[in-house]
Amino acid sequence: MGRRVSFWTARAGRHAAWGALVLIAGVAVAAPWGRLEDDGIHDRNNPGLPMLQQPADALSPLPPAKGGNGVDWRVALESGAISPRPTLDGAGSVKTLDLDILMKRTGQMPWVRFSHAIHTPWLDCSNCHEQIFATKAGETPVSMAQILEGRFCGVCHRSVAFPVTECDRCHREAQTAAGTK
Amino acid sequence: MAPRKPFAALPPGGKNDDPSSPPRACAGRQGGGHARIAAARRAIGVGVLACVLGLSSAGAEHGDVVRSRRATAGNMAPVVFPHWFHRIRFQCRVCHAELGFQMRVGATELGMGDLVAGRYCGRCHNGEIAWGLASCGLCHSGREGLPDGIASWAFGPYFIEAVPELPFRETGHREGGAAASSEPPAGTPSPTAVAAPASTPPSGPEAAARPENPVPVTPTPKP
C-alpha cells in the first residue's frame, strides 16, 4: 500500500508539473503582456492611467519573439514595422558599422557572433565604447558571470534587449577549427 | 506495523525520525492513500490557481524603469519609464547619446529642475513632442513604496539592479549630453541644475538646450 501511495503521489506530481508547464506555455504564448493596472508597479488609482498605452496594444502587432517584451526588435526595425527616429528631431543620419566580432571563449557553448550591423541601427558608438567595451576587439575580457551581473552585454541584455535566457541568439556560431574575426 | 518501505518511510516533513512517535495517519493505512491523493489533487489545484493568478498579472514589462528615491523625497509617486514604448519611437542613441542618459539604470542623476530647463525627459516632454511637465501623473504613475530599479523578464517581474555597487567605468560618458548643455557630468550632483525654479526663464546654456533652439545632433565620432 505504501508503495502504491507513493506511486499515486509521484503520478500526481508529474501531472501537476506537466499541467503547470502546459499552462505557463499556453498563457505565455497567448498573452505575454500584462495590463498596466495589473503589472504590480503602476498605481491602480492613478486617474491618468487610462491615458497610457497598454503594452499589448503596441507590441502585439510587432514580430514575435521568445522572452523579454515578446517582440523581435531587430526584425521589427529591419522590416519597417517600427521606424524609430534616429535623432530627436528625426533629421540626420546614423553611423552604422558592418563588422562581426567572434567571441570564442565560450566553453562548451557555440561561439558568440556579435554583429555591429544589428546593434548600430539602434545604438551610438559611444553607448558601448569605451565605457562598456574597449574599441579594440579582444581587449575586454567578458564572462557570462559578469554579463549576468549586469556588466558588458548584460547592461542591455538583462533588462531591455532580449534577455540572457535566449542563449542561441548570441551563441549562434558552431565551433570549428577555423574562424573569422 | 510492517517494515516500512524506504519510499514510504519518508514523510513530507522529514521529521518522523523518532520511532516512538505514532505513525502518520496517512502513511500506508487504509484510506490514507485516498487522503494523500486528495492532498495531491488539492496541491494541483493550488498550483494551477497560482499559475493562472501569477500569469494573469504578468508583472511589469521587460525594461520598465522605476525612479523612486527623488520622487518620494518630493512627496510624488515614483516615475515609471517604459522602455518598450519609447524604443518604438526613438532609437536607443537618442536618449542614451543625444540626451545624456547613461546606460546604467539609476546612474543619471536628474531632477525636475533639469526637465524644466529642457534637459533629459524635458527635451521631449514639453507639450510639443510629448505631453508636458504639468501632466504629473502620466509619468509619476508608480505605486507608492516601489524601490528604484528595472524590470527584467529573465529575473522575475521586478528585478532590482544593484546600481551603485557595480563597478562602472566613468570615462567618456555623456558626451552628447555635455555638448547640449554646459553642465557638470551626470552623476555629479549639480545644485544649480537641481534647484532651478520653475518660474525662472531659461537663459544662457539652458536656453541653448531648449527644443526651440535645437542643438546640432551630429553623432560624436570616437577617436
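Residues numbered from 1 in each chain as written. Chains lettered and ligands numbered in written order. Predicted model: local features only at pLDDT ≥ 70, side-chain atom pairs only at ≥ 80, totals over all residues.

## Digging into the overall build of chain A
Put simply, the rule reads: Secondary structure elements are defined from DSSP: runs of H or I of at least 4 residues count as helices, runs of E of at least 2 residues count as strands, and each element is numbered from the N terminus. Residues are called buried when their C-beta atom has 20 or more other C-beta atoms within 10 Å, exposed when it has 12 or fewer, and partly exposed otherwise; all C-beta atoms are positioned from the backbone. Contact criterion: two residues are in contact if their C-beta atoms, reconstructed from the backbone, are within 7 Å.
Within chain A, the secondary structure is distributed over seven helices and three strands. Traced from its N-terminal end to its C-terminal end, chain A shows the element sequence α-α-α-β-β-α-α-α-α-β. Split into buried and exposed, the 181 residues of chain A put 26% on the buried side. Across chain A, every contact between residues at least 6 apart in sequence was considered, and the portion connecting residues at least 24 apart equals 36%.

## Thoughts on the overall build of chain B
A tally of regular secondary structure across chain B gives nine helices and three strands. Listed N to C, the secondary structure of chain B is α-β-α-β-α-α-α-α-β-α-α-α in terms of helices and strands. The buried share among the 223 residues of chain B stands at 35%.

## As for the nonpolar core
Keep this limit in mind: Each nonpolar core comprises buried Ala, Val, Leu, Ile, Met, Phe, Trp, Tyr and Cys residues, the members being joined through C-beta atoms within 7 Å.
Counting 21 residues, the largest nonpolar core has Val94, Cys95, Leu99 and Tyr120 of chain B as the members making the most contacts within it. Of all elements in the fold, only α7 (154–157) of chain A together with α4 (92–98) of chain B reach the threshold of two or more residues within this core. The biggest single contributor to this core is α4 of chain B, with three residues.

## A closer look at the pairing of strand β2 (residues 111–115) of chain A
Residue and element names in this part refer to chain A. Let me state the cut-off plainly: Strands were regarded as paired on the criterion that DSSP finds at least two bridges between them.
Looking at chain direction, strand β1 (residues 100–103) and β2 are connected through four bridges and run antiparallel. Following the sheet pairing, Met103 is matched in β2 by Val112. Examined bridge by bridge, β2 and strand β3 (residues 171–173) share two bridges and lie antiparallel to one another. From the neighbouring strand, Val112 faces β3, where its bridge partner is His171.

## Some details on the sheet that holds strand β2 (residues 79–81) of chain B
Residue and element names in this part refer to chain B. Spatially, β2-β1-β3 is the arrangement adopted by the three strands of the open sheet, whose pairing is antiparallel. For this open sheet the edge positions go to β2 and β3 (149–150), each flanked by a neighbour on one side alone. Pairing analysis gives two bridges linking strand β1 (residues 65–67) to β3, with the strands arranged antiparallel. Its bridge partner lying in β3, Val65 is registered against Ile150.

## Details of the environment of Arg113 of chain A
All names here are of chain A. Tracing the backbone shows Arg113 in strand β2. What makes Arg113 partly exposed here is the crowd of 16 C-beta atoms within 10 Å. Along the chain, Arg113 and Arg169 lie 56 residues apart, while their C-alpha atoms are 9.0 Å from each other.

## Structural notes on the sheet that holds β1 of chain A
Residue and element names in this part refer to chain A. As a reminder, the rule being used: Fitting a line to C-alpha atoms yields each axis, with helices limited to the stretch in contact; the angle taken between N-to-C directions then spans 0 to 180 degrees.
An order of β1-β2-β3 is seen for the three strands of this open sheet, with the pairing classed as antiparallel. Taken across any chain shown, the strands that pair with only one partner, and hence form the sheet edges, are β1 and β3. On average, each strand axis in the sheet is tilted by 55° relative to the strand beside it, whichever way the strands run.

## Thoughts on unusual backbone geometry
Across residues other than glycine, the phi torsion is negative in most instances, and most of the peptide bonds are trans. Residues His129 of chain A and Glu130 of chain A are joined by a peptide bond in cis, for which omega reads 0°. Backbone geometry places Asn75 of chain B, a non-glycine residue, at a positive phi of 60°. Looking at the element boundaries, Asn75 of chain B is found in the loop between α2 (69–73) and β2. Given 6 C-beta atoms within 10 Å, Asn75 of chain B falls into the exposed group. Although it is not a glycine, Tyr120 of chain B adopts a positive phi angle of roughly 50°. What makes Tyr120 of chain B buried here is the crowd of 22 C-beta atoms within 10 Å.

## Concerning the environment of Leu148 of chain A
Residues and elements named next belong to chain A. Mapping Leu148 onto the fold places it in helix α6 (residues 144–149). A C-alpha to C-alpha distance of 9.9 Å links Leu148 and Pro163, two positions 15 residues apart in sequence. With residues near it in sequence (within four places) discarded, Leu148 still touches Gly154 and Val164.

## Focus on the confidence of the model for chain B
All names here are of chain B. Selection rule: The quantity known as pLDDT measures the predictor's confidence residue by residue, on a range of 0 to 100.
For chain B, mean pLDDT is 65; residues scoring 70 or higher make up 46% of the total. No element of chain B has a lower mean pLDDT than helix α8 (residues 191–195), at 34, and none a higher one than helix α3 (residues 83–89), at 97. Low confidence marks residues 50–57, where pLDDT is under 50. Its contacts with residues over four positions away, or in another chain, come to nine contacts. Across residues 164–223, where pLDDT falls below 50, the model places 93 contacts with residues more than four positions away in sequence or in other chains. The ipTM for the predicted assembly is 0.82, set against a pTM of 0.66.

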